[in-house]
Amino acid sequence: MEKNLTCQAIVLANKKWGDLHRLVTLLSPTLGLFDAVVYGGRKGKLAGGIEPFSRGTFYLYSNRPKKGYTLKDVDLIAGDGTIKGEIERLYIAHALCEIVIRMHGGDYGELFHLTTAAISLLDDPAIEAKRVLILFITRFIKIMGLEGDLNQCPQCGREYQGEESLSFNRTLNSPCCHSCGDVGGEVAWTLGPGARRYLLYIHPLEEREAVLVPLSETATIRLVRYMLRYLTTILGSPLKSLNTALLWEV
Ligand SMILES: [Zn+2]
């Protein structure tokens, strides 16, 4: 069956396809996660319109299952260009895209909303980029149905005390009380009371409100490392896009 399709989407990745073409990986609320070929895309009029993090309306031609999708045209929403001007924002933006591509699941409407919101926030110089990463990972884990309970231990059911530090259980992929943890006393896996309060506080907030909630630089870096470690156990291996960003090494 051959047909033309139009969808909202964001570009997550873009790579060479043969000598002349490019293959873009798109996330759309309606079509999900998929690749589309851009014929002559490296030199043609779509060349600038298919870079990672580009958002807008995508016009596709589908010849499934034989050839998949072809990208015919695109109407982009202009970004500020802040992401590409700062190495930390660029690393984080690539990491978000890699996370979405590697998990390949969840509700695509929710995932599209979260990913575009996070990319827009990273493109705003007034927003602290690391807090966007923390927010993205917590909400991503929730969309995947793997969210841990920060009020009571998922193993023994005991409610946490206000000033209690949590441990982690790698079999459950979840924070838990110290008796139920399987990570020893490893400090890297400890979620302190301040970090837990912060995560509970931002939980119901809209994305922009959430990343505007203050968090000290030290607490932010500690929580970024914790969330990346949490995510790495879910993914099964570290993120390629953050391997050279020593700050967050897990
Ligand atoms: Zn427990």
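Residues numbered from 1 in each chain as written. Predicted model: local features only at pLDDT ≥ 70, side-chain atom pairs only at ≥ 80, totals over all residues.

Visitor: I'm lost on the domain arrangement of the protein in this one. Help?
Guide: Think of interface size as the accessible area that goes away when the parts come together; that is how it is often given. Parsing the protein into structural domains produces domain 1 (3-77) and domain 2 (82-248). Contacts between the two partners involve 12 residues from domain 1 and, on the opposite side, 14 residues from domain 2. When contributions to the side of domain 1 that touches domain 2 are tallied by element, the ones reaching two or more residues are β1 (3-17), β2 (21-28) and β3 (32-38). Looking at the side of domain 1 that touches domain 2, its residues break down into 8 nonpolar, 3 polar and 1 charged. (Domains from an automatic or database assignment. Contact = placed C-beta atoms within 7 Å. Helix = DSSP H or I, 4+ residues; strand = E, 2+ residues; numbered from the N terminus. Nonpolar A, V, L, I, M, F, W, Y, C, P; charged D, E, K, R; others polar.)

Visitor: Looking at this structure, how should I read the pairing of strand β4 (residues 55-62)?
Guide: Both faces of the sheet carry side chains from a regular strand, because those side chains alternate between them. Where β1 lies against β4, 8 bridges are found, and the strand directions are antiparallel. Within β4, the position partnered with I10 by the bridge is R55. Sheet topology places β4 next to strand β5 (residues 69-77); 8 bridges connect them, and they run antiparallel. Across the sheet, F58 pairs through a bridge with V74, a residue of β5. (Pairing = 2+ DSSP bridges.)

Visitor: Got a minute to help me understand helix α5 (residues 193-202) in this structure?
Guide: Since the α-helix packs 3.6 residues into each turn, any two residues three or four apart lie on the same face. For α5, the full list of buried residues reads A195, R196, Y198 and I202. Buried residues of α5, viewed axially, fall in a sector of 160°; they line one side. With respect to the buried face of α5, the exposed residues turned more than 90 degrees away are L200 and Y201. Of the surrounding secondary structure, the elements contacted by the buried residues of α5 are α4 (129-143), α6 (207-212) and α7 (217-235). (Buried ≥ 20, exposed ≤ 12 C-beta atoms within 10 Å, placed from the backbone. Arc of directions from axis to C-beta.)

Visitor: How should the confidence of the model for the protein be read in this particular structure?
Guide: For the protein, the mean per-residue pLDDT works out to 90, and 91% of the residues sit at or above 70. Model confidence for the protein, summarised as mean pLDDT per element, is weakest for helix α1 (residues 82-85) at 90 and strongest for α6 at 98. (pLDDT = per-residue confidence, 0-100.)

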